[in-house]
Amino acid sequence: MTMAGDGAVGQVSLRRSFAWGVFFIGDSKADVVEVNPDVAVTWGRDDEALAVGVRHAMDVDDQVLDALDDEEEVPWVEVTVNVHWGSPSASRTDGDGLIDVPSGVVTIGDGNFEDVFALPPGRWRVQLSLEPHDNAEHVDVWLSPAG
């Protein structure tokens, strides 16, 4: 578990495939957000979680497929997620909202794997930058105290 709530500013970079084409950010005890496929970021009810649409793991480029030998396995697409905590983003973002973290634990992940961050219980501002905006391959997440 990453300790992100000691008042320090920090970041961690995650790189992996998302077999469902989405990952979730929220309180460890939050319900799963019903994903709206028409938007890049779906904010859940009760401000406890959100869903972020990313490139699906099996959405492999034709160039990659063409370069493989017949016996080689197709590599899954990986997405980079940079998580920053302690201060808000200074630039324009693709999503900006609040989540409640009553448990003091935030999870970022999907049905296959999640990373866990300890934060002081309370409301946290979540800002997101997606590259590209639809089916993102690179996501920046900023978690900062909502005050």
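Look up a bit, the structure's there.
Report on the accompanying structure. Because the structure is a prediction, the values reported are computed rather than measured.

## Quick look at the environment of Ser 144
And step 1. Within the secondary structure, Ser 144 sits in strand β11 (residues 138-145).
And step 2. For Ser 144, a relative accessible area of 3% puts it in the buried group.
And step 3. Along the primary structure Ser 144 and Glu 48 are separated by 96 residues, whereas in three dimensions their C-alpha atoms are 15 Å apart.
And step 4. When sequence neighbours within four positions are dropped, the list of residues in contact with Ser 144 reads Gly 86, Ser 87, Pro 88, Trp 124 and Arg 125.

## Describing the sheet that holds strand β2 (residues 10-16)
And step 1. Taken in spatial order, the five strands make up an open sheet running β2-β6-β11-β10-β7, and their pairing is mixed. The sheet is open, and its two edges are formed by β2 and β7 (95-101), each paired on a single side. With strand direction ignored, the average angle separating the axes of adjacent strands in the sheet is 20°.
And step 2. With seven bridges joining them, β7 and strand β10 (residues 122-131) adopt antiparallel strand pairing. What sits directly across from Gly 95, in β10, is Leu 128.

## Focus: the side chain of Gln 127
And step 1. Along the chain, the position of Gln 127 falls in strand β10.
And step 2. From its side chain, Gln 127 meets the backbone nitrogen of Ser 89 in a polar contact 2.8 Å long.
And step 3. Ignoring sequence-local partners within four residues, the contact set of Gln 127 consists of Pro 88, Ser 89, Thr 93, Gly 95, Asp 96, Asp 140, Val 141 and Trp 142.

## As for the nonpolar core
And step 1. Phe 23, Ile 25, Val 81, Leu 128 and Val 139 are the most contacted members of the largest nonpolar core, which totals 27 residues.
And step 2. Looking at this core, the elements with two or more residues in it are β3 (22-27), β5 (49-53), β6 (79-85), β7, β8 (105-109), β10 and β11.
And step 3. In this view, Val 139 contacts Phe 23, Val 54, Thr 80, Val 81, Asn 82, Leu 128, Ser 129 and Leu 130; residues no more than four positions away in its chain are not counted.

## Topic: the pairing of β3
On a regular strand, each side chain points to the face opposite its neighbour's, so the side chains alternate between the two faces of the sheet.
And step 1. Among the six residues in β3, five count as buried, and that is most of the element.
And step 2. Direction of pairing for β3 relative to β5: antiparallel, over a ladder of five bridges. Within β5, the residue paired with Gly 26 across the bridge is Ala 49.
And step 3. Note: β3 against β8, four bridges, orientation antiparallel. Each residue of the ladder has a partner; that of Gly 26, found in β8, is Thr 107.

## Examining the environment of Trp 20
And step 1. Position of Trp 20 relative to the elements: it lies in the loop between β2 and β3.
And step 2. Once the C-alpha coordinates of Trp 20 and Ser 103 are considered, the two residues, 83 residues apart in sequence, prove to be 26 Å apart.
And step 3. Among all residues touching Trp 20, those that are not within four sequence positions of it are His 56, Asp 110, Gly 111 and Asn 112.

Definitions and cut-offs
Numbering of residues starts from 1 in each chain and follows the order in which that chain's sequence is written. Reporting of local features is limited, given that this is a predicted model, to residues whose pLDDT is at least 70; pairs of side-chain atoms are given and counted only at 80 or more, and all residues count toward the totals for whole chains, interfaces and linings. Note that the side-chain values use all heavy atoms of the structure and ignore hydrogens as well as water. Segments assigned H or I by DSSP are reported as helices when at least four residues long, segments assigned E as strands when at least two residues long, and all are numbered from the N terminus. For each residue, the accessible area found with a 1.4 Å probe, counting protein chains only, is set against the maximum for its type, and the residue is called buried under 20%, exposed over 50%, and partly exposed in between. Here, residues are in contact when the closest pair of their heavy atoms is within 4.5 Å. Pairing between strands is defined by DSSP: at least two bridges between them are needed. Note on geometry: axes are C-alpha line fits, over the in-contact stretch for helices, and angles between N-to-C directions span 0 to 180 degrees. Pairs of N or O atoms are called polar contacts if they sit within 3.5 Å, as long as, within protein, a hydrogen donor faces a hydrogen acceptor (for residues adjacent in sequence, only side-chain-to-side-chain pairs). We call a set of buried residues a nonpolar core when its members are Ala, Val, Leu, Ile, Met, Phe, Trp, Tyr or Cys and they connect through side-chain atoms within 4.5 Å of each other.

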